[in-house]
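# Working through the structure, step by step
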Amino acid sequence: MRTSLANFLLPVGAIIAALGLFGVFVWFAGVSPLEVWLLLFKGAFGDWYSWQNTLQRAAPLMLTALCVAIPARAGLTVIGGEGAVVLGGLACAGLAQGLPLPANTAGTVMVCLAAAVAGGLWITLAGWLRQYRGINETISSLLLAYVAIGLFKHLVEGPLRDPSSLNKPSTFSLDEGLRISGIAGSDVHWGLVIGVLACLATGLWMRMTASGFALRVVGGNPRAAQLVGLPASKLILLACALGGACAGLAGAIEVAAVHTNANASLIAGYGYAGILVAFIARQHPVAIIPVAILFGGFGAAGSLLQRRLGLPDASVLVLQGIAFVLILASEALRDVDWKALLARINRFGPSEPSPIPLPQDKP
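Residues numbered from 1 in each chain as written. Predicted model: local features only at pLDDT ≥ 70, side-chain atom pairs only at ≥ 80, totals over all residues. Heavy atoms only, no water.

### A short note on the overall build of the protein
Each helix and strand counted, the protein has 14 helices and 0 strands in total. Listed by position from the N terminus, the elements making up the protein come as α-α-α-α-α-α-α-α-α-α-α-α-α-α. Here the C-alpha coordinates of the protein stretch approximately 120 × 60 × 35 Å along the principal axes. Burial analysis of the protein (363 residues in total) assigns 45% to the buried set. Across the protein, the fraction of contacts at a sequence separation of at least 24, relative to all contacts at a separation of at least 6, is 75%. Of the roughly 18500 Å² of accessible surface on the protein, 66% is carried by carbon and sulfur atoms. Seen as two clouds, the 22 positive and the 16 negative side-chain charges of the protein have centres 10 Å apart. (Helix = DSSP H or I, 4+ residues; strand = E, 2+ residues; numbered from the N terminus. Buried < 20%, exposed > 50% of the residue type's maximum accessible area, 1.4 Å probe, protein only. Contact = heavy atoms within 4.5 Å. Areas by Shrake-Rupley, 256 points an atom, 1.4 Å probe, with all protein chains shown as cover. Lys, Arg positive; Asp, Glu negative; His and termini not counted. Charge placed at Lys NZ, Arg CZ, Asp CG, Glu CD.)

If you want it as structure tokens, here you go:
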């Protein structure tokens, strides 16, 4: 019970503290912190239009957070989801451009599967380098993300470029039948449903299946996993493949539901924001859903801060950065014995004055 309470209170406290520090930051810029906080809420959840923008941004965050959370359950820290996102979007657009696909749901499924495979293979490469070459997965996945972005730009601006895209190089647009439509005619696309289902399915897999339990054993106690004969390397590669597939699917959703083609707008930082979402959710797949909605709202409110207060649209990135630092700092407080700490403080605190002995008169 105490652990569950700490898992909830520490991230919430870190987010509140981040909002407070962000208020100090904008105060130095000559803007009222209270007005900024109100606009953040209004731009994220103030009306139906704001909710649509928030949920639209939350969909890829759920999937990129899974790219961090699933390998984390196997004991890995993978932060290169941005590379899987752009390669997933590139695979989605490239398959539609290179092969005659049916312009219906089957074709949409095919381009999404291609994106998932591309993202899964890319993150699996980081896991393979860690298991068989001893290269730290945090460093390799981050550097591979830069390689993926460079490859993406080369292909989009070169072999796969649509000649009619002059000022903003991009691939050919997807056929109308391959695109992911909105839910009930709204701007909220079906990618949100895919993201929610992916989080729920991952949570059930980790809790209800033998392979999910084995994965958690490998991440929690690798020594014990080896002693009981669990295939640690295969499970780690499986975790990387599933996480990368989720991030690649996020790229496909952005192409098929938002941009309709692969272009530089796909490099929007969703892979890096997913790291923050996963850490706040404590790598719990179901907890990722509300956290992704919250940070999707922060992202949606950025344009409102720019229009109303003249703050840069990227100022919400400062908020995200502060929150990330405070979340990491809060981990140091997780195992603190607060009762013992308070007792130690009280021990060195002010004490009651002791009576001064007076000299007694001699008879």
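### Comments concerning the pattern of salt bridges
Tallying each qualifying case throughout the model produces 2 salt bridges. Notably, a salt bridge pairs Glu-137 with Arg-130, separated by 3.4 Å at the nearest N-O pair. Assessed through its relative accessible area of 7%, Glu-137 is described here as buried. (Salt bridge = Lys/Arg side-chain N within 4 Å of Asp/Glu carboxyl O.)

### Some remarks on the packing of aromatic side chains
Applying the stated criterion across every chain, the model contains 7 aromatic pairs. Both rings, one in Phe-41 and one in Phe-45, keep their centres 6.1 Å apart while their planes meet at 55°; by these two values the pair is tilted. Note that Phe-41 and Phe-45 are positioned in helix H2 (residues 33-45) at a spacing of 4 residues, about one turn of the helix. Owing to a relative accessible area of 54%, Phe-41 belongs among the exposed residues under this scheme. Ring centres of Phe-279 and Phe-324 lie 5.8 Å apart, and the angle between their planes is 85°; this geometry places the pair in the edge-to-face category. Residue Phe-279 is found in helix H11 (residues 270-280), and its partner Phe-324 is found in helix H13 (residues 315-330); the two are separated by 45 residues along the sequence. Assessed through its relative accessible area of 22%, Phe-279 is described here as partly exposed. One aromatic cluster is present, built from ring pairs that chain together Phe-41, Phe-45 and Trp-51. (Phe/Tyr/Trp six-rings, centres within 6.5 Å; stacked < 30°, edge-to-face > 60°.)

### Remarks on the environment of Asp-187
When you line up the elements, Asp-187 lands in the loop between helix H6 (137-157) and helix H7 (191-208). Each C-alpha atom, one on Asp-187 and one on Asn-53, is 7.6 Å from the other, the two residues being 134 residues apart in sequence. Apart from residues no more than four positions distant in its own chain, Asp-187 is found in contact with Gln-52 and Gln-56.

### Remarks on a nonpolar patch on the surface
Residues Phe-8, Leu-9, Val-12 and Ile-16 make up a contiguous nonpolar surface patch of about 390 Å² in total accessible area. With respect to the helices and strands, the residue Val-12 is situated in helix H1 (residues 2-28). (Patch = residues over 30% accessible without salt bridge, like charges linked within 9 Å, V, L, I, M, F, W, Y side chains within 5 Å.)

### A look at helix H4 (residues 81-98)
Taking 1.5 Å of rise per residue, the 18 residues of H4 would be expected to cover 26 Å, and the 25 Å separating its terminal C-alpha atoms lies within 8% of that figure. Turning to H4, its buried residues are Gly-81, Glu-82, Gly-83, Ala-84, Val-85, Val-86, Leu-87, Gly-88, Gly-89, Leu-90, Cys-92 and Ala-93. Looking at the buried positions of H4, the neighbouring elements they touch are helix H3 (48-73), helix H5 (105-133), H6, helix H10 (232-259) and H11. (Expected span 1.5 Å × (residues − 1).)

### Things to note about the nonpolar core
In terms of nonpolar packing, the biggest core is built from 96 residues, with Val-36, Leu-40, Ile-288 and Phe-295 touching the most fellow members. No other element matches the 13 residues that H10 contributes to this core. When sequence neighbours within four positions are dropped, the list of residues in contact with Val-36 reads Phe-22, Val-26, Val-31, Leu-305, Leu-309 and Leu-311. (Core = buried A, V, L, I, M, F, W, Y, C linked by side-chain atoms within 4.5 Å.)

### Concerning the side chain of Glu-254
Within the secondary structure layout, Glu-254 lies in helix H10. For the buried Glu-254, which has no salt bridge, the nearest side chain bearing the opposite charge is Arg-57, at an N-O separation of 8.2 Å.

### Thoughts on unusual backbone geometry
Positive phi is not limited to glycine here, since Ala-184 has a value of about 55°. A relative accessible area of 80% places Ala-184 in the exposed class.

### Quick notes on H11
Of all 11 residues making up H11, 9 are buried, and the element is well covered by its neighbours. Two residues or fewer past H11, Arg-282 is found with a positive phi of approximately 60°.

### Section: the side chain of Thr-202
Summarising the element assignment, Thr-202 is placed in helix H7. On the basis of relative accessibility, which here comes to 9%, the residue Thr-202 falls in the buried class. Not counting residues within four places of it along the chain, the set of residues in contact with Thr-202 comprises Leu-66, Ile-70 and Pro-285.

### Examining the packing of H5 against H10
At a minimum axis separation of 6 Å, H5 and H10 run at an interaxial angle of 145°. Note on packing geometry: the crossing formed by H5 with H10 is right-handed. In terms of residue class, the contact of H5 with H10 is made up of 14 nonpolar, 8 polar and 1 charged. (Axes fitted to C-alpha atoms, helices over the stretch in contact; angles between N-to-C directions. Left-handed = near helix turned anticlockwise from the far one by under 90°. Nonpolar A, V, L, I, M, F, W, Y, C, P; charged D, E, K, R; others polar.)

### As for the environment of Glu-176
Its place among the elements puts Glu-176 in the loop between H6 and H7. Distance from Glu-176 to Ala-103, taken between C-alpha atoms, is 7.2 Å for residues 73 residues apart in sequence. A distance of 3.1 Å separates the side chain of Glu-176 from the side chain of Arg-179, its partner in a polar contact. (Polar contact = N/O pair within 3.5 Å; in protein donor to acceptor, adjacent residues only side chain to side chain.)

### Re the packing of H3 against H10
Axis separation between H3 and H10 bottoms out at 7 Å; the angle between their running directions is 170°. Relative to H10, H3 is oriented roughly antiparallel. Contact residues: H3 offers Pro-60, Leu-63, Thr-64, Leu-66, Cys-67, Ile-70 and Pro-71, while H10 offers Ala-239, Cys-240, Leu-242, Gly-243, Gly-244, Cys-246, Ala-247, Leu-249, Ala-250, Ile-253 and Glu-254. Grouping the constituent residues of the contact of H3 with H10 by class yields 14 nonpolar, 3 polar and 1 charged. (Parallel < 35°, antiparallel > 145°, perpendicular 65-115°, else oblique.)

Keep in mind these values describe shape, not function.
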